Amino acid sequence: MHIVLTCDFINKSIYFIKCENEGVVVSILDIKKYPEEVLLHKSEFVKEIKKQEKKLFDDMVETMISANGLGLAAPQIGESCQIFVVGLEDRIIKIANPKIIDVIGRETMPEGCLSIPDYSADIERFYGVVVQGVNEEGELIKIEAKGLLARIFQHEIDHLNGKLIINHKI
Ligand SMILES: [Zn+2]
């Protein structure tokens, strides 16, 4: 069942899809494409994880999965706040206010972005990072990541700083 509604927080038309079996409502959001303004600016710090932020996390996960993405940052769905989600090997990670607190090594690999269709570029990034942030329960978390997961973290954190793969320098 598809119903088009507007939601104050998201402030745009979105599609609500009712999952009959689970009885929950998730939203597939519209992914913003370069050069939309919201992609080009630093996002705002999230002061508290409340109901709205939890819904945003869940909607972003659904949107990421439906777009076959490995990660999605809030500016990509038009919200200028420091939130991103990652989906890799059956693991879903939701982080607000992420900060890289340690790094190791370098690696160059081709990378794409849901906001820049049909484009990929070799991007040099840190091979490993330790990211600190807040989870959907509002708890402080620290995640050590290497390889692809570390790369996705850096890509999404770049989004929160208004930085895209087309203008990338490590
Ligand atoms: Zn991207």
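The rules behind the values
- Note that residues are indexed from 1 along each chain, following the sequence as it is written.
- pLDDT decides what is reported in this predicted model: residues at 70 or higher carry local features, side-chain atom pairs at 80 or more are listed and counted, and totals for whole chains, interfaces and linings draw on all residues regardless.
- Working definition: helices are DSSP H or I runs of at least four residues, strands are E runs of at least two. Numbering for both runs from the N terminus.
- Partly exposed residues are those falling between the two cut-offs: more than 12 but fewer than 20 other C-beta atoms within 10 Å of their own, whereas 20 or more means buried and 12 or fewer means exposed, with C-beta atoms placed from the backbone.
- For every residue pair, C-beta atoms are placed from the backbone, and the pair is scored as a contact if these atoms sit within 7 Å.
- Confidence scores here are pLDDT values: one per residue, from the predictor, ranging 0 to 100.
- In this description, a nonpolar core means buried residues of the types Ala, Val, Leu, Ile, Met, Phe, Trp, Tyr and Cys, linked to one another by C-beta atoms lying within 7 Å.
- By definition here, a helix of n residues has an expected span of 1.5 Å times n minus one.

With respect to the overall build of the protein chain
Within the protein chain, the secondary structure is distributed over 2 helices and 8 strands. N-terminal to C-terminal, the α/β element order of the protein chain is β-β-β-α-β-β-β-β-β-α. When the 170 residues of the protein chain are sorted by exposure, 31% land in the buried category. Across the protein chain, the fraction of contacts at a sequence separation of at least 24, relative to all contacts at a separation of at least 6, is 59%.

Digging into the confidence of the model for the protein chain
Of all residues in the protein chain, 85% have pLDDT values of 70 or greater, and the mean over the chain is 88. Every residue in residues 1-21 is under pLDDT 50, and counting partners more than four places away or in other chains gives 25 contacts.

Notes on the nonpolar core
Counting 30 residues, the largest nonpolar core has M60, L72, A74, F84, V85 and F153 as the members making the most contacts within it. Of all the elements in the fold, those that place two or more residues in this core are α1 (51-66), β4 (71-73), β5 (83-88), β6 (91-113), β7 (116-134) and α2 (147-160). By residue number, the principal contributor to this core is α2, which donates 6 residues.

Considerations on α1
Counted at 1.5 Å a residue, the expected span for α1 with its 16 residues is 22 Å, and the 23 Å between its end C-alpha atoms agrees. In the segment just after α1, N68 is the residue with positive phi, at about 55 degrees.

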